[in-house]
Amino acid sequence: MKFNTKVIHAGIEPDPSTGAIMTPIFQTSTYVQNAPGDHKGYEYARTQNPTRKALEDNLAALENGKGAICYSSGLAAMDAILKMLNPGDEIISTNDLYGGSYRLMTKLFSKYGIKMKFLDLQEASVIQQHVTEKTKLIWIETPTNPMLNVVDIKAICDFAISKSIWTCIDNTFATPYLQTPLDLGATMVLHSATKYLGGHSDVIHGCVVTSDEGIYNELKFIQNAAGAVPGPQDCFLVLRGIKTLHLRVERSCQNAESIAHFLKNHEKVSKVYWPGFEDHPNHEIAKKQMKHFGGMVSFDLVSNTEESANRVMSNTHFFSLAESLGGVESLIGHPASMTHASIPKVERLKVGLTDSLIRLSVGVEDIADLKADLNNALEKV
Ligand SMILES: *Cc1c(COP(=O)(O)O)cnc(C)c1O
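Remember, predicted model here, so these are calculated numbers, not experimental data. (Residues numbered from 1 in each chain as written. Predicted model: local features only at pLDDT ≥ 70, side-chain atom pairs only at ≥ 80, totals over all residues. Heavy atoms only, no water.)

Engineer: Give me the lowdown on the overall build of the chain, citing residues and values where you can.
Structural biologist: Along its length, the chain carries 13 helices and 12 strands. For 381 residues, the compact-globule estimate of 2.2 N^0.38 gives 21 Å, and the chain sits close to it at 21 Å. Viewed in the frame of its principal axes, the chain has a C-alpha envelope of about 75 × 50 × 35 Å. The long-range share in the chain, meaning contacts at least 24 apart out of those at least 6 apart in sequence, stands at 73%. Of the roughly 16100 Å² of accessible surface on the chain, a fraction of 52% belongs to carbon and sulfur atoms. Where the 36 positive side-chain charges of the chain centre and where its 42 negative ones centre are 3 Å apart. (Helix = DSSP H or I, 4+ residues; strand = E, 2+ residues; numbered from the N terminus. Rg over C-alpha atoms; globule rule 2.2 N^0.38 Å. Contact = heavy atoms within 4.5 Å. Areas by Shrake-Rupley, 256 points an atom, 1.4 Å probe, with all protein chains shown as cover. Lys, Arg positive; Asp, Glu negative; His and termini not counted. Charge placed at Lys NZ, Arg CZ, Asp CG, Glu CD.)

Structural data, given as structure tokens:
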């Protein structure tokens, strides 16, 4: 089955009891058994739910994995992965990552004796000097957030496999429409389905996909033991969102490309971060591992103050000022004070995340309206 068919059909069957073409929302906590242990595969909804199962089968197919596990949020999915580690284990991670992921590692898991190193992995071989016999997991976000650097997934995974180190790729920004890290050797793929997979800014949800049976079983055990399950209605919303994933991401990428070029030529803009530019430092890797260059664009202003950035952000109309990304509507945000506020300023500046950096999640509106909106706001600076 091809990707554009999988989004609509993989893992999804008409409901056998009614023929309903849409997967029903099985809003139940428990399932009746004929005799103890004699049941239809469902006992209690923390452990299994048919709406969740349909979504998990669909996600596994999209990422070319053997199994998926859904969670109540992207961070709950990450929390489950980190719970597979033991005190003393080390994580190596990209240094420019989602603020909440950074906070979960540094503020929570460091308390349990997990160590972490945050590295610029644009040059994949950098990792070799930092791996020790304690390194258990390599955590990669690509494209990174908000600087939109691209990390060579295959190069990192090849090295990790040679050292028996797990890799997890946070594929939230790219989506499986643009890249499938399991095909490049990754152990796990994580999503905040809150973003592109759900796609309509109406649900918080996360998942992990893997082809490693041992890891799948351990994550299932952790989920059943710790309980970070999504509700069936949320699973339904993600399932529905995924049916148009290919159409939405395609259009977002087109719009983002157009906006990146528009901003690059704008006199008020000093720098545009978008991996589709030929002079982007990781353009060749992006071209190799992604289908298009994604729907996210970040840019900095000639007048490089937070006040100027605020001017722009409070004068757009179609770009709504909000956290998050990946919905049909365009969003504008200020990483330094919003998504990345939990990262210390010195660390932020090291990667170029200035106080005037603005991040766009480009939606699927008409491109002429989006450009006019940005132009109008930039004129206010
Ligand atoms: C939003 C996000 C997360 C966290 O997901 P939640 O669903 O908000 O818990 C993790 N990684 C990336 C890249 C994100 O954008």
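Moving on, there is more to tell.
Engineer: If you had to explain the domain arrangement of the chain to someone new, which residues and values would you point to?
Structural biologist: The assigned domain composition of the chain is domain 1 (3-242) and domain 2 (245-378). In this assembly, 43 residues from domain 1 lie in contact with 42 residues from domain 2. Around 3400 Å² of area is buried between domain 1 and domain 2 when both sides are counted, 62% of it from carbon and sulfur atoms. Interface area lost by domain 1 to domain 2 is led by M147, Y177 and Y196, which between them contribute 23%. (Domains from an automatic or database assignment. Buried area = accessible area lost by both parts, 1.4 Å probe.)

Engineer: Outline the pairing of strand β4 (residues 135-141), supporting the account with residue identities and numerical values.
Structural biologist: Within β4, six of the seven residues are buried, which leaves the element mostly enclosed by the surrounding structure. Taken together, the four bridges between strand β2 (residues 90-94) and β4 define a ladder with parallel strand orientation. Bridge assignment links E90 to a residue of β4, and that residue is T135. The sheet contact formed by β4 and strand β5 (residues 166-170) spans five bridges and is parallel. (Buried < 20%, exposed > 50% of the residue type's maximum accessible area, 1.4 Å probe, protein only. Pairing = 2+ DSSP bridges.)

Engineer: So what's going on with the sheet that holds β4? Residues and values would help.
Structural biologist: Taken together, the seven strands give an open sheet; going across it, the order is β1-β7-β6-β5-β4-β2-β3, and neighbouring strands pair in mixed fashion. The open sheet has two edge strands with one neighbour each: β1 (67-71) and β3 (115-119). Across the sheet, the mean angle from the axis of one strand to that of its neighbour is 20°, orientation sign disregarded. As defined by bridge partners, β5 adjoins strand β6 (residues 188-192) across three bridges and the pair is classed as parallel. (Axes fitted to C-alpha atoms, helices over the stretch in contact; angles between N-to-C directions.)

Engineer: Tell me what's going on with the pattern of salt bridges, and back it up with residues and numbers.
Structural biologist: Throughout the structure, instances matching the rule amount to nine salt bridges. D279 is the partner of K264 in a salt bridge, and the nearest nitrogen-oxygen pair spans 3.4 Å. In this pair, K264 is assigned in helix α9 (residues 245-264) and D279 in the loop between β8 (269-273) and α10 (283-289), connecting sequence segments 15 residues apart. In this structure K264 comes out as partly exposed when scored by relative accessible area, which is 40%. Under the relative-accessibility criterion, D279 is labelled exposed at 58%. (Salt bridge = Lys/Arg side-chain N within 4 Å of Asp/Glu carboxyl O.)

Engineer: So what about α9? Which residues, and what values?
Structural biologist: For α9, built from 20 residues, the straight-helix expectation of 28 Å at 1.5 Å per residue is met to within 8% by its first-to-last C-alpha distance of 28 Å. L245, H246, R248, V249, S252, C253, N255, A256, I259, A260, F262 and L263 are the residues of α9 that are buried. (Expected span 1.5 Å × (residues − 1).)

Engineer: If you had to explain the site of the ligand to someone new, which residues and values would you point to?
Structural biologist: Neighbouring the ligand are 14 residues; L75, D170, S192, T194 and K195 lie closest to it. Take G74: an N or O atom from its main chain is 2.9 Å from an oxygen atom of the ligand. Contacts to the ligand include L75, whose backbone N or O atom sits 2.9 Å from an oxygen atom. If the ligand stood free it would expose 380 Å²; the protein chains cover 94% of that surface. When grouped by side-chain class, the residues that make up the shell around the ligand number four nonpolar, seven polar and three charged. (Near = heavy atom within 4 Å. Polar contact = N/O pair within 3.5 Å; in protein donor to acceptor, adjacent residues only side chain to side chain. Nonpolar A, V, L, I, M, F, W, Y, C, P; charged D, E, K, R; others polar.)

Engineer: Break down the packing of α9 against helix α13 (residues 367-379) for me, citing the residues and quoting the values.
Structural biologist: Relative placement of two packed helices is described by the angle separating their axes and the distance separating the axes. Two numbers describe how α9 lies on α13: the axes approach to 10 Å, and their chain directions differ by 30°. Comparing their axes, α13 and α9 come out roughly parallel. Between α9 and α13 the crossing geometry is right-handed. Packed against α9, whose contacting residues are N255, S258, I259, F262 and L263, the element α13 presents I367, L370, K371, L374, N375 and L378 at the interface. Considered class by class, the residues forming the contact of α9 with α13 number seven nonpolar, three polar and one charged. (Parallel < 35°, antiparallel > 145°, perpendicular 65-115°, else oblique. Left-handed = near helix turned anticlockwise from the far one by under 90°.)

Engineer: I'd like a rundown of the side chain of R348, residues and numbers included.
Structural biologist: Structurally, R348 is set in helix α12 (residues 345-350). Judged by its relative accessible area of 9%, R348 is buried. Ignoring sequence-local partners within four residues, the contact set of R348 consists of A336, H340, A341, I343, L353 and D355.

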